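Chains, contacts and geometry: an overview
Below, each chain spelled out in residue letters.
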Amino acid sequence: MSYENICFATENNIALVTLNRPQRRNALSLALMQELIGCLSTIGSRRDLRAVILAAAGKVFCSGHDLSEMVGRELNDYRALFEVCTELMTTLQSIPQPVIAEVQGTATAAGCQLVASCDLAIAAEEASFATPGVRIGLFCSTPMVALSRAVGRKRALEMLLTGEQVDAQTAADWGLVNRLVPASQLRTETLKLARRIAEASDLVVGLGKQVFYTQIDLDQPKAYACAQEVMSRNALAHDAQEGISAFLEKRTPCWTGQ
C-alpha cells in the first residue's frame, strides 16, 4: 500500500500506521483522513494482522484539523469534512484489530479525539493533550464525543471550556491514555502491548472488541442481555473449546481463528 500522508508497515503480525505530515504538525487534512480510513479498512480485512499501532512522525502527534482547509467554505463543505472525520473515528473502533495510539508529543483538538477514539493508548512522558477550539471560536464539538466517553463529563468539560493543555500524567490519571513511558521506550512498550494482544485468538479479540463498543452505551440490563448472547455464541467457537481444553490440559492453545 502506497500513501502520500501516512506510512504503512508491518512487523510480523502487527500493523504500523504512521501519520506523516510532520511539516504540518500531522494535521488531519481531508486527504490524510481518507488515506487513513482506506488503510484501516484494508487492515481490518486482513486476518494475518492482529493489532495496529497508530503513531506519528516528528515532534507532534496530531494538531487536529488542517485549518487551512476550513476558511471560507460553504455549510455543506464543513458537513462533508466532519462526516469524513467521524467515519475515521468510527473505523478505528469498527475494525476487528485493537488499535493502540503511540503518542510521542502533543495531541490537540481532533488529534486528541484520535487518541480518545483508539482502543488503547501509550504516551511518552512529554506528551500533552488539549481541545483548544474554544480559543479560536470553533468549539471542539466532535472531539467532545470521544473525549467525554474517555474521561467523563466534568474533566471533558474542563478541557473543552478552557482549552488548556493537560499533561501526560494527568491524561493517564483521567483515563485518556493507559500508561506513560519514557520517550526512549515508547515503541518498545507499545509493541510489547500489541504482541501480547496478538497472542490471543483473532476471532475472539475481534468479537470482544465489537461487543465492548456495542454494550458500553446500553443500560445495564440491555448490556447484560447483549453480552450474554455474544458469550454464549463465543463458547461454541472452535477457539473457545480449544482454549478451555488447553487450559484444563495445561498446554499452549493452538488457535485457528474459527
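Residues numbered from 1 in each chain as written. Predicted model: local features only at pLDDT ≥ 70, side-chain atom pairs only at ≥ 80, totals over all residues. Heavy atoms only, no water.

What about the overall build of the protein?
Defined as follows: Helical segments are the DSSP runs of H or I of at least four residues, strand segments are the runs of E of at least two, and each set is numbered from the N terminus. Radius of gyration means the value over C-alpha atoms here, while the globule rule gives 2.2 Å times the residue count to the 0.38 power. Accessible area is worked out with a 1.4 Å probe on protein chains only. A residue is then buried under 20% of its type maximum, exposed over 50%, and partly exposed in between. Note on contacts: a residue pair qualifies if any of its non-hydrogen atoms lie within 4.5 Å across the two residues. Areas reported here follow the Shrake-Rupley algorithm with a probe of radius 1.4 Å; residue values treat only the protein chains shown as occluding.
Along the protein, the regular secondary structure elements total 10 helices and 10 strands. Relative to the compact-globule value of 18 Å for 258 residues, the protein shows a C-alpha radius of gyration of 19 Å, a close match. Counting across all 258 residues of the protein, residues that qualify as buried make up 46%. Taking contacts inside the protein between residues at least 6 apart in sequence as the whole, the part at least 24 apart equals 69%. Counting every atom, the protein has about 13400 Å² of accessible surface; 53% of that belongs to carbon and sulfur.

Looking at the sheet that holds strand β9 (residues 166–167)
Our working rule: For two strands to count as paired, DSSP must find a minimum of two bridges between them. Helix axes use the C-alpha atoms of the stretch in contact, all axes being lines fitted to C-alpha atoms, and the angles between their N-to-C directions lie in the range 0 to 180 degrees.
Read across the sheet, 4 strands follow the order β4-β6-β8-β9 without closing on themselves; strand pairing throughout is mixed. The sheet terminates laterally at β4 (60–62) and β9, the two strands that pair on one side only. Relative to β9, strand β8 (residues 128–130) runs antiparallel, the two being bridged by 2 bridges. Paired with Ser-128 across the two strands is Asp-167, which belongs to β9. Running over the sheet, helix α3 (residues 110–117) touches β4, β6 (106–108) and β8 and is turned about 100° from β6.

Re the pairing of strand β3 (residues 51–56)
Extensive coverage of β3 is indicated by the burial of 6 of its 6 residues. Residue alternation in β3 divides its side chains into two sets, Ala-51, Ile-53 and Ala-55 and Val-52, Leu-54 and Ala-56, and both sets are buried. As defined by bridge partners, strand β2 (residues 14–19) adjoins β3 across 6 bridges and the pair is classed as parallel. Across the sheet, Val-17 pairs through a bridge with Leu-54, a residue of β3.

Examining the pairing of strand β7 (residues 120–124)
Taken across its 5 residues, β7 has 4 buried, putting it largely inside the fold. Note: strand β5 (residues 99–103) against β7, 4 bridges, orientation parallel. Within the sheet, the bridge partner assigned to Val-103 lies in β7 and is Ala-123. Pairing analysis gives 3 bridges linking β7 to strand β10 (residues 179–181), with the strands arranged parallel. Counted as the bridge partner of Ala-123 is Leu-180 from β10.

Considerations on the pattern of salt bridges
Using the following cut-off: We define a salt bridge as a side-chain nitrogen of Lys or Arg found within 4 Å of a carboxyl oxygen belonging to Asp or Glu.
The tally for this structure, following the rule as stated, stands at 14 salt bridges. Salt-bridge contacts for Glu-229 lead to Arg-233; the nearest nitrogen and oxygen are separated by 2.7 Å. With Glu-229 and Arg-233 both in helix α9 (residues 220–236), this residue pair falls 4 residues apart, about one helical turn. Note that Arg-251 and Glu-249 form a salt bridge whose closest N and O atoms lie 2.6 Å from each other. One salt-bridge network, in which partners are shared between bridges, spans Arg-21, Arg-24 and Asp-66.

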